[in-house]
Amino acid sequence: MSSDAKRLPYYQRYPERAKAYSANYAETHKEANRERAQRYRAEHHQEILEQERVYRETHRQLLNQRAAAYRARYPERVKESLRKSKTKLREYNHRKYLVLKAEVLNVYGGQCVCCGEGNFVFLTIDHVNNDGYRQRTRTSSFSGTTMYRWLKKNKYPQGQFQVLCWNCNCAKTHSPKEHEVIHPNAGRVNGSHPALFYL
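Residues numbered from 1 in each chain as written. Predicted model: local features only at pLDDT ≥ 70, side-chain atom pairs only at ≥ 80, totals over all residues. Heavy atoms only, no water.

Chemist: Looking at this structure, I do not really get the overall build of the protein. What am I missing?
Modeler: What the protein contains, in helices and strands, is 11 helices and 2 strands. When the elements of the protein are put in sequence order from the N terminus, they spell out α-α-α-α-α-α-α-β-α-α-β-α-α. Across the protein, every contact between residues at least 6 apart in sequence was considered, and the portion connecting residues at least 24 apart equals 56%. As displayed, the protein has an accessible area near 15200 Å², and 53% of this comes from carbon and sulfur atoms. (Helix = DSSP H or I, 4+ residues; strand = E, 2+ residues; numbered from the N terminus. Contact = heavy atoms within 4.5 Å. Areas by Shrake-Rupley, 256 points an atom, 1.4 Å probe, with all protein chains shown as cover.)

The following block contains the structure:
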């Protein structure tokens, strides 16, 4: 070996040996390396986020080119990845919806004020004074997640909303007189605010 070659770093003089050593080290220290990486990310979380943001902004064109090339090279892989992502996103949003719904229902009593039904699946939030249409005119969709978020954001206003099961909610809307006969105390919140309006 010439004197110039001896001056080179070990990994350049013996690339195959260095490659084998690195692979073996990574395999035998996999768990320790993972724990060290997780600890580093936790300790430098904000710094890493900022570095990633700056890199995306300064390398936007390069990243777009790489993404386009990947999509062109692996169309089926991309398609499957998008399908899995959409499924995971739906599941994630559904879990968030259930947590939010449970929180709102618990604030308003957690059971139907009319018949006492307490099964979470059958419960919904009802406008005490049957004036939900007013909010729907201001907001294109004021039901489900949108309404639960609004209630939480506005500190759960009292006297305007109550918990009803779907049966009592439908009966209150479509057959109020018959509903009153079956449940004469229906639609009362804390003994006031009548929920039933008759034709």
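Chemist: It is not clear to me how the nonpolar core should be interpreted in this structure. Could you clarify?
Modeler: A general tendency of soluble globular proteins is for nonpolar side chains to be buried together. Formed by 17 residues in total, the largest nonpolar core has its most connected members in Val104, Tyr108, Cys112, Ile125 and Leu151. Looking at this core, the elements with two or more residues in it are α7 (75-107), β1 (123-127), α9 (145-153) and β2 (161-165). For this core, the element with the highest residue contribution is β2, accounting for 4 residues. (Core = buried A, V, L, I, M, F, W, Y, C linked by side-chain atoms within 4.5 Å. Buried < 20%, exposed > 50% of the residue type's maximum accessible area, 1.4 Å probe, protein only.)

Chemist: Sorry, what's going on with the packing of aromatic side chains here?
Modeler: In this description, a pair of aromatic rings is defined by centroid distance and the angle of the planes. In total, this model carries 6 aromatic pairs according to the counting rule given. With a centroid separation of 6.0 Å and 40 degrees between ring planes, the pair formed by Tyr97 and Tyr148 is classed as tilted. With a gap of 51 residues between them, Tyr97 in helix α7 and Tyr148 in helix α9 connect regions that are remote in the sequence. The class for Tyr148 is buried, based on a relative accessible area of 3%. (Phe/Tyr/Trp six-rings, centres within 6.5 Å; stacked < 30°, edge-to-face > 60°.)

Keep in mind these numbers describe shape, not what the thing actually does.
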